[in-house]
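Tertiary structure, described
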Amino acid sequence: DKGNHRHFMEKEIHEQPEVISHTLANYLNFADGTVADFDLPFDFAKIERLAISACGTAYLAGLIGKYWLERYARLPVDIDIASEFRYREMPLPKNSAALFISQSGETADTLASLRYCREEGIPISAIVNVRESTIARESDGIFPTLAGPEIGVASTKAFTCQLSVLAALTLKAAKARGTISPEEEQALVRELSEAPRYASQALKLSASIEKVARELSHVRHVLYLGRDTNYPLALEGALKLKEISYIHAEGYAAGELKHGPIALIDEQMPVIVIAPHDRIFEKTVSNMQEVAARGGRIVLITDEKGAQNATLETLETIVLPDVPEFVAPIIYALPIQMLAYHTAVIMGTDVDQPRNLAKSVTVE
Ligand code: M6R
């Protein structure tokens, strides 16, 4: 049932404040600002590496998880696309563990990667949305996302719930490895507890997003740029746009611009830059200047501070509330989903059932 929404995707985008809140509450104690006491099939204090593997949007959640786990918990993370992982015969040392991420829990390549790890004898965990799935059943321990059924082929609420679980796991790992103090744990839990409220605010940006969507509906190619955790979001923005609007889109780490993609920039090319005012904001601003100097049309997705400090002309600036750096990827996922959604609606594509795609990819 779509309720009063035109598509399941729109409904699922709007459910995010609620499902993020449910998911976080499963892993965190908001009352006292601590990580909850949930079971793990391995000890974060004892492992030396974590191998993450997944497909599509779930893989991009894992990529953000890598940035978080390495930064806050000092845990080295290998991340692979499952279709690569299953065949590349990666060595898995005894003191490592595996984490698979899958909304459906039935994705063939992710399952094959899990079985590879099983043969290698390392502990297996999975972030899944469907608890009765094969991946859930074959894991030693699962971390459910409480997103509820996701019907739209384009993953939206499952993604932000996967990020919510990864953020909680990061705190769990950081605590076990002694890389954050109780005060820092409390501060980060408090920040996460605000995520649903920020997400609701982000949903109110429809007007400026629709304006950009009208522009995008006339173009053939779009480039997405971001640094740090905004780099996986750039990849996710491009994936979402191409899968439902059929516009060709590429996501790049902003620092890679001058290593190739800058050759594509001309007056026809919209460049979507995801850049909250963080530690490396100025670096992204210089990339935007390079785009502007070549006539590229910039859509900047930022916060209030970023909008004030990015002294350059944009086609549109989408301004989110100022949010703490740790929470930002969960919140910035929303405008990129909405942008893809509105573009597809304007173009009249089948938003919930895009051509050639299946919700669950159970064959190789
Ligand atoms: O069910 P899974 O999370 O394992 O699915 C993985 C991908 O097939 C999925 O995320 C796909 O990329 C989505 N259609 C993206 O919106």
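Residues numbered from 1 in each chain as written. Predicted model: local features only at pLDDT ≥ 70, side-chain atom pairs only at ≥ 80, totals over all residues. Heavy atoms only, no water.

1. A closer look at the overall build of the protein chain
The line we're drawing: Secondary structure elements are taken from DSSP: a helix is a run of H or I of four residues or more, a strand is a run of E of two residues or more, and numbering for both begins at the N terminus. The size measure is the radius of gyration over C-alpha atoms, and the globule rule it meets is 2.2 Å times the number of residues to the 0.38 power. Each residue's exposure class comes from its accessible area (1.4 Å probe, protein chains only) as a fraction of the maximum for that residue type: buried when under 20%, exposed when over 50%, partly exposed otherwise. Residue contacts are counted whenever heavy atoms from the two residues lie within 4.5 Å of one another. Here the accessible surface of atoms and residues is derived via Shrake-Rupley with a 1.4 Å probe, and residues count as covered only by protein chains that are part of the display. Charge convention: Lys and Arg are scored as positive, Asp and Glu as negative, and His as well as the terminal groups of each chain are ignored. All charge positions are set by atom: Lys at NZ, Arg at CZ, Asp at CG, Glu at CD.
Each helix and strand in the protein chain was counted, giving 14 helices and twelve strands. A compact globule built from 364 residues would reach a C-alpha radius of gyration of about 21 Å, and the protein chain, at 20 Å, matches this within 12%. Overall, the C-alpha framework of the protein chain stretches about 55 × 45 × 45 Å when taken along its three principal axes. For the protein chain, the residues scored as buried account for 57% of the 364 residues in total. Of the contacts made within the protein chain by residues no fewer than 6 positions apart, 76% connect residues no fewer than 24 positions apart. Looking at the protein chain as shown, the accessible area adds up to about 14,600 Å², and 48% of this sits on carbon and sulfur atoms. Here the protein chain holds 36 positive side-chain charges and 49 negative ones, and the gap between their average locations is 1 Å.

2. Some points on the site of the ligand
Threshold: Throughout, the term near means that a residue has one or more heavy atoms lying within 4 Å of the molecule or strand in question. N or O atoms closer than or at 3.5 Å make up a polar contact, with two conditions inside protein: a donor-capable atom paired with an acceptor-capable one, and, for residues adjacent in sequence, both atoms drawn from side chains.
Around the ligand, a shell composed of 13 residues is seen, among which Ser-102, Gln-103, Ser-104, Thr-107 and Glu-243 lie nearest. Between the ligand and Ser-102 there is a distance of 2.6 Å, counted from an oxygen atom to a side-chain nitrogen or oxygen. Separating an oxygen atom of the ligand from a backbone N or O atom of Gln-103 is a distance of 2.6 Å. Burial of the ligand by the protein chains amounts to 91% of its free accessible area of 410 Å². When residues of the shell around the ligand are traced back to their parent elements, those giving at least two are α3 (56-73) and α11 (230-245).

3. Re the side chain of Thr-107
Positionally, Thr-107 belongs in the loop between β5 (96-102) and α5 (108-120). Setting aside residues no more than four positions away along its own chain, Thr-107 makes contact with Cys-55, Ser-102, Ile-135 and Val-361.

4. Topic: the packing of aromatic side chains
Formally: Aromatic pairs are defined between Phe, Tyr and Trp rings, using the six-membered ring for Trp, whenever the two ring centres lie within 6.5 Å; interplanar angles under 30 degrees are classed as stacked, those over 60 as edge-to-face, and all others as tilted.
All chains considered together, the criterion is met by seven aromatic pairs. When the ring of Phe-38 is compared with that of Phe-143, the centres are 6.1 Å apart and the planes differ by 75°; the resulting orientation is edge-to-face. Of this pair, Phe-38 sits in the loop between β2 (34-35) and β3 (49-54) while Phe-143 is found in strand β7 (residues 141-144), placing the two residues 105 residues apart along the sequence. According to the relative accessible area criterion, Phe-38 is buried, its value standing at 14%. Pairing Phe-42 with Phe-44 gives two aromatic rings, centres 5.1 Å apart and planes at 90°, and the pair type is edge-to-face.

5. Some words on the sheet that holds β3
Working definition: the strands of a sheet are paired by backbone hydrogen bonds and lie parallel or antiparallel to each other. Rules: Pairing between strands requires that DSSP locate at least two bridges from one strand to the other. Interaxial angle, 0 to 180 degrees, is taken between N-to-C directions of lines fitted to C-alpha atoms, where a helix line uses only the stretch in contact.
Strand order in the open sheet formed by five strands is β4-β3-β5-β6-β7, and the pairing between neighbours is parallel. Looking along the sheet, the strands with just one partner apiece sit at the ends: β4 (77-81) and β7. Each adjacent strand pair in this sheet contributes to an overall mean axis angle of 20°, direction not counted. Alignment of strand β6 (residues 124-128) against β7, held across four bridges, turns out to be parallel.

6. As for the nonpolar core
Where we set the bar: The definition of a nonpolar core used throughout is a set of buried Ala, Val, Leu, Ile, Met, Phe, Trp, Tyr and Cys residues joined through side-chain atoms within 4.5 Å.
Leu-50, Tyr-224 and Ile-331 are the most contacted members of the largest nonpolar core, which has 90 residues in total. Considering every element that reaches this core, the biggest residue donor is helix α14 (residues 328-347), with twelve residues. Excluding residues that lie within four positions of it along the chain, Leu-50 makes contacts with Phe-42, Leu-69, Leu-75, Pro-76, Val-77, Asp-78, Ala-97, Ala-98 and Leu-99. Ile-262, Ile-265, Met-288 and Val-291 belong to the second largest nonpolar core, which has 18 residues in total.

7. Some points on the environment of Val-319
As for its position among the elements, Val-319 is in strand β12 (residues 316-320). When its relative accessible area of 30% is taken as the criterion, Val-319 is described as partly exposed. Sequence separation of Val-319 and Asp-303 is 16 residues, and the distance between their C-alpha atoms is 4.9 Å.

8. Let's talk about the environment of Ser-206
Relative to the assigned elements, Ser-206 resides in helix α10 (residues 206-216). With 136 residues separating them in the primary sequence, Ser-206 and His-342 have C-alpha atoms 8.7 Å apart. Apart from the residues within four sequence positions on either side, Ser-206 is in contact with Met-338 and His-342.

9. Focus: the side chain of Glu-150
Within the secondary structure, Glu-150 sits in the loop between β7 and α7 (157-176). Polar contacts involving the side chain of Glu-150 include one to the side chain of Lys-359, which spans 2.6 Å. The residues contacting Glu-150, other than those within four sequence positions of it, are Glu-12, Gln-103, Asn-129, Ser-155, Thr-156, Lys-157, Ala-158 and Lys-359.

10. Let's talk about the sheet that holds strand β8 (residues 221-226)
Ordered by their spatial adjacency, five strands build an open sheet running β9-β8-β10-β11-β12, and the pairing between neighbours is parallel. What marks the edges here is a single partner per strand, and that holds for β9 (248-253) and β12. Geometrically, the sheet is characterised by an average inter-axis angle of 15° between neighbouring strands, direction not taken into account. Of the pairings in the sheet, the one linking β8 to β9 comprises six bridges and is parallel in character. Looking at β9, one finds that Leu-223 is bridged to Glu-250.

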